[in-house]
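Summary of structural features
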2 protein chains.
Amino acid sequence: MEQKTGAGSRDKVLQAAMAMFGENPGARLSVRAVAARAGVSTGSLRYHFPTQRALQDAVLTGIYDVITPDDRIHDRSAPARDRLIDCLRQVLALAGVGEQARAGWGEIFKTYIEPEPTDENRAAYLAIEREAQRRVEHWLTVLSNEGALAEGDNSRRARFLVTVLNGLSIARALPSEESILATETETLHAAVDYVLDSRS
Amino acid sequence: MEQKTGAGSRDKVLQAAMAMFGENPGARLSVRAVAARAGVSTGSLRYHFPTQRALQDAVLTGIYDVITPDDRIHDRSAPARDRLIDCLRQVLALAGVGEQARAGWGEIFKTYIEPEPTDENRAAYLAIEREAQRRVEHWLTVLSNEGALAEGDNSRRARFLVTVLNGLSIARALPSEESILATETETLHAAVDYVLDSRS
DNA sequence: ACCTGAACACCGTTCAAGT
DNA sequence: ACCTGAACACCGTTCAAGT
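Analysis parameters
- Per chain, the residues get numbers from 1 upward, laid out in the order the sequence is written.
- The naming scheme follows written order: chains are lettered A onward, ligands numbered 1 onward.
- With the structure being a predicted model, the display of local features is reserved for residues of pLDDT at least 70 and the display and counting of side-chain atom pairs for 80 or more, all residues being used for whole-chain, interface and lining totals.
- In computing side-chain properties, one takes all heavy atoms of the structure into account and sets aside hydrogens as well as water.
- In this entry, domain limits derive from an automatic or database-based domain assignment.
- Should any heavy atoms of two residues lie within 4.5 Å, those residues are considered in contact.
- Using a 1.4 Å probe, buried area is obtained as the accessible area two parts lose upon being combined, added over both of them.
- Where helices and strands are cited, they refer to DSSP runs of H or I of at least four residues and of E of at least two residues respectively, numbered from the N terminus.
- Here's how the labels work: a residue is buried when its accessible area is under 20% of the maximum for its type, exposed when over 50%, partly exposed in between, all with a 1.4 Å probe on protein chains only.
- Nearness is defined per residue: one heavy atom within 4 Å of the molecule or strand is enough.
- Under the rule applied, a polar contact is a pair of N or O atoms within 3.5 Å (in protein, one hydrogen donor and one hydrogen acceptor; residues adjacent in sequence only if both atoms are side-chain atoms).
- Under the grouping applied here, Gly and all other residues not named as nonpolar or charged are polar, the nonpolar ones being Ala, Val, Leu, Ile, Met, Phe, Trp, Tyr, Cys and Pro and the charged ones Asp, Glu, Lys and Arg.
- By nonpolar core is meant a set of buried Ala, Val, Leu, Ile, Met, Phe, Trp, Tyr and Cys residues that side-chain atoms within 4.5 Å join together.
- Criterion for a salt bridge: a side-chain nitrogen of Lys or Arg within 4 Å of a carboxyl oxygen of Asp or Glu.

The next thing to look at is the domain arrangement of chain A. All names here are of chain A. With domains assigned, chain A is organised as domain 1 (7-63) and domain 2 (68-197). Put simply, the middle of domain 1 and the middle of domain 2, counted by C-alpha atoms, are 26 Å apart. Listed as interface residues are 13 residues of domain 1 and, on the opposing side, 13 residues of domain 2. Buried area between domain 1 and domain 2, both sides added, is near 1,100 Å², and the carbon and sulfur share of it is 63%.

So this is what it looks like as structure tokens:
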């Protein structure tokens, strides 16, 4: 029947870290702060997450599972900004983190970048791209309809956001300093703020 | 006639910092390391450069004024926006287009994404990344100094712009419809507008 | 196998004290 | 005005020691 007590340290740490990230996505998530919040020692934290980067990756992955898979965009109880960010984060979550992110871009590279592009796989990639574009554009349309987004060229805005998402997702596959979590959040917010404030 | 002896601490610090940056652009440039190399105390360093950020900005400005004195960014006859876009486009130009872009990303992929990252190439990539970041940040500093850019966190802004550049440059390597030129320009303008208008 | 907490080697910033 | 260096409050990581 126990579950609080029985919760492994790994889970406690992850819970704490995700809670802290939820409260302040720009937070630093230091070893000691997370360990304290989780009620474990720094040594234990390090045992489960050998590196600070590993912890941040786990948080990034965990967020995806928590965020509802169906369209958060319609949940009018939350600010438009938050909902759009949520949705974009979901897209980003598909890219994964660490090895998964590297494998994902590996696939894309081997299929669409390395070989001389044939008409066929050109079309295949364009379909994927268009799908992503369409999805983001849909979210913008929803926000437009409820007046949270000024009149404007939504497909242009979507293109902008998709470009930012691509930049962020390749950053996940490349080496990085341990602060990806905070910087990714910052950049995502910046992009969304631009779109929501743009009067063009 | 004296100049070595008479060199003020400020200069000694700046010299040391620039030398260290020159030797290893990926270096951390910590207070103590720079102060030691300059032969002054950390307190003195802080007196002239109240913050670590201030020191790095000074180095950045110094370096690029030496290396590329005729950077387009200094051409005050043109609007800030145009100059910044110009500079960013130059970065993008290095990525090339078509086959060249594909080959470029191929190199990056094979070196930094595909293989399990060793400490060594991790560091190598981070140096490149930091260099790009610093370059963009330098441009922002120049615009800041002439009042074309509101007070704010320039390294954050630079991170945003670099992410957009990455997104745009990978788009150059991937299949795309024939309108890349226009859409790339749109997105680039959007990103720059965001930075120039941001009051945060 | 899991966990502890001290210890290590760093950070950047502040500040009383000197000249 | 300029400079010193100790002190403060942090980092992330390592590791002998416990259970």
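Residue and element names in this part refer to chain A. Along the chain, glutamine 100 falls in helix H6 (residues 98-113). Glutamine 100 gets classed as partly exposed once you look at its relative accessible area, which sits at 49%. Taking the C-alpha atoms as reference, glutamine 100 lies 18 Å from glutamine 52; in sequence the two are 48 residues apart. If near-sequence neighbours (up to four positions away) are discounted, glutamine 100 is found in contact with Leu94 and Ala95.

Examined against the element boundaries, B:Glu114 turns out to sit in the loop between helix H6 (98-113) and helix H7 (119-145). Using a relative accessible area of 40% as the deciding quantity, one classes B:Glu114 as partly exposed. Setting aside anything within four residues of it in sequence, one finds B:Glu114 in contact with A:Arg102, A:Lys110 and B:Phe109.

Let's shift gears to the protein's contact with DNA strand C. Neighbouring DNA strand C are 16 residues, the closest being A:Ser9, A:His48, B:Arg32, B:Arg46 and B:Thr51. Protein-adjacent atoms of DNA strand C, using a 4 Å cutoff, are sugar or phosphate at a proportion of 56%. Residue A:Ser41 places a main-chain N or O atom 2.8 Å away from a phosphate oxygen belonging to DNA strand C. Between a phosphate oxygen of DNA strand C and a side-chain N or O atom of B:Thr51, the distance comes to 2.6 Å. Sorting the residues of the surface near DNA strand C by element identifies helix H3 (42-48) of chain A together with helix H2 (31-38) of chain B as the ones contributing at least two each. No other element matches H3(A), which puts five residues into the surface near DNA strand C. In the surface near DNA strand C, the residues fall into three nonpolar, nine polar and four charged.

Quick look at the environment of A:Ile113 now. Within the secondary structure layout, A:Ile113 lies in helix H6. Look at A:Ile113 and you get buried, because its relative accessible area is 2%.

Attention now moves to the protein's contact with DNA strand D. The environment of DNA strand D is made up of 17 residues, and the closest members are A:Val31, A:Arg32, A:Arg46, B:Ser9 and B:His48. The contact atoms of DNA strand D, taken as those within 4 Å of the protein, divide so that sugar and phosphate hold 59%. A:Val31 is positioned such that a nitrogen or oxygen atom in its backbone is 3.0 Å from a phosphate oxygen of DNA strand D. The separation between a phosphate oxygen of DNA strand D and a polar side-chain atom of B:Ser41 is 2.8 Å. Going through the elements one at a time, helix H2 (31-38) of chain A together with helix H3 (42-48) of chain B are the ones with two or more residues in the surface near DNA strand D. Element by element, the count of residues in the surface near DNA strand D is highest for H3(B), at five residues.

Counting residues in hydrophobic clusters, the biggest one holds 54 residues, and the most contacted among them are A:Leu88, A:Phe160, B:Leu88 and B:Phe160. Residue assignment for this core shows that the elements contributing at least two residues are helix H5 (80-95), helix H7 (119-145), helix H8 (154-173) and helix H9 (180-197) of chain A together with helix H5 (80-95), H7, helix H8 (154-173) and helix H9 (180-197) of chain B. Judged by nonpolar contacts, the second largest core, of 23 residues, contains A:Ala16, A:Met18, A:Val31 and A:Val59.

Following the criterion strictly, the structure yields 27 salt bridges over all chains and no others. As a salt-bridge pair, B:Arg102 and A:Glu116 come within 3.7 Å of each other at their nearest N and O atoms. Here A:Glu116 lies in the loop between H6 and H7 and B:Arg102 lies in helix H6, a pairing that spans two chains. Its relative accessible area of 13% is what places B:Arg102 among the buried residues. On the basis of relative accessible area, A:Glu116 is assigned to the exposed category, the value being 58%. Shared partners join several salt bridges into a network, and the residues in it are A:Arg72, A:Asp75 and A:Asp86.

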